[in-house]
Structure formats: structure tokens, C-alpha cells
Protein chains: 2
Amino acid sequence: MIDGRKARGEKKRRAIVEAALRVIEREGIAGVTHRSVAREAGVPTTASTYYFATLDDLLIATLLWVAEELCEDMLKIVASGGNPREIARFLARAVNENRARTLAEYELYLLAGRRPELKAAARRWLDLAVEVSRPADPVAFRAFLAAVDGLLIQGLIADVAPNEDELEPIVSFLICGRDDSTPETREQ
Amino acid sequence: MIDGRKARGEKKRRAIVEAALRVIEREGIAGVTHRSVAREAGVPTTASTYYFATLDDLLIATLLWVAEELCEDMLKIVASGGNPREIARFLARAVNENRARTLAEYELYLLAGRRPELKAAARRWLDLAVEVSRPADPVAFRAFLAAVDGLLIQGLIADVAPNEDELEPIVSFLICGRDDSTPETREQ
DNA sequence: CAACTACTTGAACGATTGTTCCACAAGTTT
DNA sequence: AAACTTGTGGAACAATCGTTCAAGTAGTTG
């Protein structure tokens, strides 16, 4: 019934996409070639060209894959309460432990700026966030979402990336309004 | 006294940098080669390699040049009052008329994420903004600056980029606090 | 087992790349 | 004018690139 060949094919295709993402994390989009990705995935070059007719197709598939994972992360945060500290922790991880990944995400993000057909995928996490949060104040929510992007991108070019404690007051301000940052965690 | 050769050399060097920026606006960083930039500038390929020993040097020079102009723009806005409508107008222009330029700026921005020595230049407009604004509420100001980046980058991947009127309430919220958006411009 | 489909892979093609080299022109200094 | 510095630019190099091709393997279907 099911074609075992196609199943393994899908798996290999995905392995190649994941290898492409690792290459982008390490060297940026500029480092993505059929050969470099294939080497990273441990497959012959022609495996990459077989599954992705053009290099562009591979980058597009990578963006779609990253966008999907990004949505999952976002939903997880919303589900876990979405309080400022939780969000600050996520942002801090993004610009520290997951720095390379975040950098890769933004490079792919900008790729969508030049490919209209990719825009929907790139901003899907934004649309999803609005959808699941049903914010009382849409303007404030838009400002918050914009600030998330800004905090990340600015965190990437900081000399030393901000940590959870530095980000938390800013997140709090954006969510709760003027400076009522979690007094219970503040030493007197 | 002054060396006329060096003077013309400086001028040519700058022309090449400006050509590089135009190439990035049109095709992205990926489109930058010594040959494409030289063609854009109307000079032989070796002119580009003469002034910029490596392609990287050319990209670095372009980032530094863009960062400088960005600071000037920022100072102009602050000087012109820095009210929400003024800022919203600037942001709207950035993602519409100047879309290509803004896209180029962010691609170069991310380049700094991979070159520690470029970080300072890339975020100079941020440091300058803090310096000249001396904000009463540093946390709110950080949030505002982050949102500016976010609004721009999200504007670049929107199906239809936001206009001045759509951005103004968000900017107002970030500056003045909860939804007191310029009532004098609102039709009843 | 035969026909078919899906995947595999090394070899190769032409194109483009960054960069170097070198002979030379032009401007400056002594 | 001789010595120098600075800029110019055509030609060429090896390297790498995306992509194609064709011959082959291995599963699936009838």
C-alpha cells in the first residue's frame, strides 16, 4: 500500500533541509550550496539536486520548515501562561544559547522580503499569535510583537547579548504598561 | 600639497561603495560580486579589487557607510521634534518608497551579527538615540527602539506594507502610553 | 517475472567567481 | 627631468558553482 521508497525519500529530504539549516547557522545563507549541504547531510551532491531542483527550492523549504517550528515555539509560550518572565526567558535563550539559530531565522526572514510567495510563511507566527491571544488592545499587542522582533535582532548585534533579567522589565512594560516589573523577584 | 590622485581615489572608492549598495538593494547581498559592483559603478573589475582587497572589505565599507547615513536620518527625526506622527511618517516611507533600501540595511545589519567588529557600527544609531534623547524612562525607551526595528522588519514581509496612518497609533502607544493617539487628527 | 517507479550516484559541462599579475598612464616630489 | 607614488585595466588562474546526464540499484505493482 504505502510506498516504502517514498517514505525513506521524505526522510532524506527532511535530513537535507535540516543540514541546510545547520549550514546557515554556521556560515549564513551565503554558505549554502548544493555541495556544502550535501556534505553536511552526509549524502552525495546529487541527492540535494534530486530533491530540490534548484538551490532556491532548498532555501524555500528551509524557510518553511523553520517557520513551522517557530509557530510551535510560540504556541508553547502562549500555552505556558505567557507571563513576562516566561517570555523574557525565551528571548534570552534565543540570543544566547540559540543565537546561531536565531541568526539563521532572521536571514531566512529577510529572504521572504524578496520573495512575495514566502511572506505568508514568514509572518505566520505573527498571525497565529494574534489569533490565539485575542488581545483586548490590538495596538498594544502589535507594539509588543514588533518589540519582540526588535529585541531579538538588537540582541544579536549587542556586544554581549542581554540576559533574562535585563529583558524582563522591557517585556513587562510592553505587556503590563509602565514599569510594574515583578516586584517579588526584586531584591530590596 | 594635497594629492589630487588620492582625492579622486577617495571619490572613486565611494562611488564603488554606493554602487555596491545599489546592487544590494536590487539583488541582495548575494548579488554582490566584484564584477557586478564594478559593472554597476561603470568601472573595470580591477577597480573594485584595487580599493577593496577582499569582497568582505567592500561589504564592510558598505555597512559602515549605511550606518553613517542611518545615524543622520535618526538625528534629523529627533531634531524635528520626534513626535509620533513624524516618526510614523518616517517608518512608512522606510517600508514603502524606501523599501529596497531598508531591506538592504537589514541584510547588512545581520552581517554584523556574524562579524563582531561590525557590531558597534550597526547599532550606533541605537546608542546615539539614547544619547541625544536622554529618556526619562529608559525601559520604555528601549521598548520603543526595539519596536521600531520590529515594525520595519515586519513591514518588509507584510503583503501590503503599512502606511503612516496605520503606524501612528502604535508609535503613539509606545511613546505616550496607552492609546491616547493624537485626537486632533482623528475624524469624529 | 516483467514492467514500472523511485531513488542513487559519479562524472562532467559551461559559467562565474575572487583574486593575482603586470605593463602602463598619470600625478607628485625632489 | 628623474624618481616616486598612485591609480588603471586587460588578461588570466585555479576554484567553485548549479545543474545535467546517464547508467544503475532497489523497491512496488500487475
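Structure: above.
Owing to the predicted nature of the structure, the values given are computational and were not obtained by experimental measurement.

Any details on the relation of the copies chain B and chain A? Residues and values, ideally.
In the superposition of chain B on chain A (RMSD 0.0 Å, axial shift 0.0 Å), the rotation amounts to 180°. On this basis, the relationship between the two copies can be described by a two-fold rotation axis. Measuring from the rotation axis to each C-alpha of chain B, the shortest distance belongs to Ala147 of chain B, at 1.9 Å. Looking at the interface residues of chain B, 100% of them are also at the interface in chain A, so both copies use one shared face.

Give a description of the protein's contact with DNA strand C that names residues and reports values.
For DNA strand C, the set of nearby residues contains 23 residues, the closest of which are Arg5, Lys12 and Thr46 of chain A together with Arg35 and Leu55 of chain B. The sugar-phosphate portion of DNA strand C accounts for 57% of its atoms within 4 Å of the protein, the bases making up the rest. Between Arg35 of chain B and DNA strand C, the recorded distance is 2.7 Å, taken from a side-chain N or O atom to a base nitrogen. Secondary-structure elements contributing two or more residues to the surface near DNA strand C are helix H1 (4-27) and helix H3 (45-51) of chain A together with helix H1 (4-27), helix H2 (34-41) and helix H3 (45-51) of chain B. With 4 residues, the single largest contributor to the surface near DNA strand C is H1 of chain A.

Residue-level account of the interface of chain B and chain A, with values.
Chain B puts 44 residues into the contact, and the matching count from chain A is 44 residues. For the pairing of chain B and chain A, the buried interface totals around 3800 Å² over both sides, and the portion due to carbon and sulfur atoms is 61%. Its largest share of buried area at the contact with chain A, chain B owes to Leu110, Arg114 and Ile157 of chain B, together 21% of the area lost on that side. The interface formed by chain B and chain A contains 4 salt bridges. Between Asp159 of chain A and Arg123 of chain B there is a salt bridge, with the nearest N and O atoms lying 2.9 Å from each other. Taken together, the links from chain B to chain A amount to 18 residue pairs in polar contact (both at pLDDT 80 or more). For the side of chain B that touches chain A, the element with the most residues is helix H9 (residues 138-156) of chain B, which contributes 13 residues. A class-by-class count of the residues in the side of chain B that touches chain A yields 26 nonpolar, 5 polar and 13 charged.

Rules behind the numbers
Residues numbered from 1 in each chain as written. Chains lettered and ligands numbered in written order. Predicted model: local features only at pLDDT ≥ 70, side-chain atom pairs only at ≥ 80, totals over all residues. Heavy atoms only, no water. Least-squares fit on C-alpha atoms with pLDDT ≥ 70 in both. Contact = heavy atoms within 4.5 Å. Near = heavy atom within 4 Å. Polar contact = N/O pair within 3.5 Å; in protein donor to acceptor, adjacent residues only side chain to side chain. Helix = DSSP H or I, 4+ residues; strand = E, 2+ residues; numbered from the N terminus. Buried area = accessible area lost by both parts, 1.4 Å probe. Salt bridge = Lys/Arg side-chain N within 4 Å of Asp/Glu carboxyl O. Nonpolar A, V, L, I, M, F, W, Y, C, P; charged D, E, K, R; others polar.

It is worth stressing that arrangement in space is one thing and function is another; only the former is reported here.
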